[in-house]
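Residues per chain are reported as follows:
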Amino acid sequence: MNECQTPVFLWALLHDGKVALHADAPREAPTVRGFLALLQSRLDGATAAEVAAIPNDLLDQLGIAELLGMTRTHGLTAVLLRVKALVAEVDPQA
């Protein structure tokens, strides 16, 4: 799996069946920080099943993969996959 070149720190917790996602990246990486903010705002309060249902090709489906370029697309997709894996770890039933 291609990893993001930017150091990304992720934590996922489950409280009353709802995901609490915490994420951070350096200020020098505004694209990654923006993607993390979008994921966090959408996924906080979601169920683990809702997180698992996010398509792995989200950036392609949004039509922004071409704009980001291959390296960023692979990196941000790796971030998404890591978020999904973390949530699956805290709720293996999802």
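Everything below is about the structure shown above.
A short tour of the structure in this document, coming up. This structure is a prediction, so every number in the text was calculated from the model and none was measured. (Residues numbered from 1 in each chain as written. Predicted model: local features only at pLDDT ≥ 70, side-chain atom pairs only at ≥ 80, totals over all residues. Heavy atoms only, no water.)

### Quick look at the overall build of the protein
- Broken down by element type, the protein carries 5 helices and 2 strands.
- In the protein, the succession of helices and strands from N to C terminus is β-β-α-α-α-α-α.
- For the protein, the spread of C-alpha atoms along the three principal axes comes to 40 × 25 × 25 Å.
- A total of 94 residues make up the protein; the buried ones form 34% of that total.
- Excluding contacts between residues fewer than 6 apart, the proportion of contacts in the protein whose partners are at least 24 apart in sequence is 60%. (Helix = DSSP H or I, 4+ residues; strand = E, 2+ residues; numbered from the N terminus. Buried < 20%, exposed > 50% of the residue type's maximum accessible area, 1.4 Å probe, protein only. Contact = heavy atoms within 4.5 Å.)

### Thoughts on helix α1 (residues 30-43)
- Spanning 14 residues, α1 covers 20 Å between terminal C-alpha atoms, matching the ideal 20 Å at 1.5 Å per step.
- In this structure, the buried residues of α1 make contact with β1 (9-15), β2 (18-24), α2 (48-52), α3 (58-62) and α5 (70-90).
- Two residues or fewer past α1, glycine 45 is found with a positive phi of approximately 90°. (Expected span 1.5 Å × (residues − 1).)

### Considerations on the packing of α1 against α5
- Close contact between α1 and α5 brings their axes to 11 Å; oriented N to C, the two are set at 30°. With respect to each other, α1 and α5 are oriented roughly parallel. Helix-helix and strand crossings are classified by hand; for α1 and α5 the assignment is right-handed. The residues of α5 that touch α1, namely those facing Thr31, Val32, Phe35, Leu36, Leu39 and Leu43, are Arg72, Leu76, Val79, Leu80 and Val83.
- Across the contact of α1 with α5, the residue classes break down as 9 nonpolar, 1 polar and 1 charged. (Axes fitted to C-alpha atoms, helices over the stretch in contact; angles between N-to-C directions. Parallel < 35°, antiparallel > 145°, perpendicular 65-115°, else oblique. Left-handed = near helix turned anticlockwise from the far one by under 90°. Nonpolar A, V, L, I, M, F, W, Y, C, P; charged D, E, K, R; others polar.)

### Things to note about unusual backbone geometry
- Phi is positive for aspartate 16, which is not a glycine, with a value near 55°.
- Its location among the elements puts aspartate 16 in the loop between β1 and β2.
- When its relative accessible area of 70% is taken as the criterion, aspartate 16 is described as exposed.

### A short note on a nonpolar patch on the surface
- A grouping of Leu62, Ile64 and Leu67 is seen on the molecular surface, where their side chains present a nonpolar patch of about 310 Å² in accessible area.
- Within the secondary structure layout, isoleucine 64 lies in the loop between α3 and α4 (65-68).
- Residue isoleucine 64 is classed as partly exposed on the basis of its relative accessible area of 31%. (Patch = residues over 30% accessible without salt bridge, like charges linked within 9 Å, V, L, I, M, F, W, Y side chains within 5 Å. Areas by Shrake-Rupley, 256 points an atom, 1.4 Å probe, with all protein chains shown as cover. Salt bridge = Lys/Arg side-chain N within 4 Å of Asp/Glu carboxyl O.)

### Some points on the pattern of salt bridges
- Overall, the coordinates contain 1 salt bridge when judged by the stated rule.
- With a shortest N-O distance of 3.4 Å, aspartate 24 and arginine 33 are connected by a salt bridge.
- With relative accessibility at 38%, the residue aspartate 24 sits in the partly exposed group.

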